[in-house]
Amino acid sequence: VQLQASGGGLVKPGGSLRLSCAASGNIFSINDMGWYRQAPGKQRELVARITSGASTQYTDSVKGRFTISRDNNKNTVYLQMNSLKPEDTAVYYCNAGRWVVTTRYDYWGQGTLVTVSS
């Protein structure tokens, strides 16, 4: 599975950005896709995830502001980020997960930098 992320950039507080992640390869094995982020000096954290059944999960700090969605025809997952805050500044990584029995295999795209600053 290969993941190609795009859409990061510089935005002012209160602004919006949309990240995209296009999957290719053995996409039929993917159980879920999502976005993680890592801010300087902090651990990587899950931001949002969407399953093959379209169930979604968000970290508390982005609920009500971020929306994850998927376009199955384009094998692409999106993260719409609204009302951005400086604390959202981080490198965002696209992730795909595949479960084999009880073992999870993770695939990662390259990071895309999101900077929220005035």
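Residues numbered from 1 in each chain as written. Predicted model: local features only at pLDDT ≥ 70, side-chain atom pairs only at ≥ 80, totals over all residues. Heavy atoms only, no water.

Draft legend 1. Structural view of the packing of aromatic side chains. One pass over the full model with this rule turns up one aromatic pair. Each ring, one from Y36 and one from W108, has its centre 5.0 Å from the other, and the planes form 70 degrees; the classification is edge-to-face. Of this pair, Y36 sits in strand 4 (residues 32-38) while W108 sits in strand 10 (residues 103-108), placing them 72 residues apart in sequence. Exposure remark for Y36: the relative accessible area of 14% places this residue in the buried category. (Phe/Tyr/Trp six-rings, centres within 6.5 Å; stacked < 30°, edge-to-face > 60°. Helix = DSSP H or I, 4+ residues; strand = E, 2+ residues; numbered from the N terminus. Buried < 20%, exposed > 50% of the residue type's maximum accessible area, 1.4 Å probe, protein only.)

Draft legend 2. Structural detail: the pairing of strand 9 (residues 90-100). Two elements, strand 4 and strand 9, share seven bridges in a ladder whose sense is antiparallel. Counterpart to Y36 in the pairing with strand 9 is Y93. As defined by bridge partners, strand 9 adjoins strand 11 (residues 112-116) across three bridges and the pair is classed as antiparallel. Bridge pairing in strand 11 places V91 opposite L113. As judged from the six bridges shared by strand 9 and strand 10, these two strands associate in the antiparallel manner. From the neighbouring strand, A96 faces strand 10, where its bridge partner is Y107. Linking strand 9 back to strand 10 in an antiparallel pair, the connection comprises two residues, with V101 at a positive phi of about 60 degrees. (Pairing = 2+ DSSP bridges.)

Draft legend 3. Region of interest: the side chain of R49. Here R49 lies in strand 5 (residues 45-51). Side chain to side chain, R49 and Y36 meet in a polar contact 2.8 Å long. Look past the residues within four positions of R49 in its chain and what remains in contact with it is D32, M33, G34, Y36, S55, T56, Q57, I68 and R104. (Polar contact = N/O pair within 3.5 Å; in protein donor to acceptor, adjacent residues only side chain to side chain. Contact = heavy atoms within 4.5 Å.)

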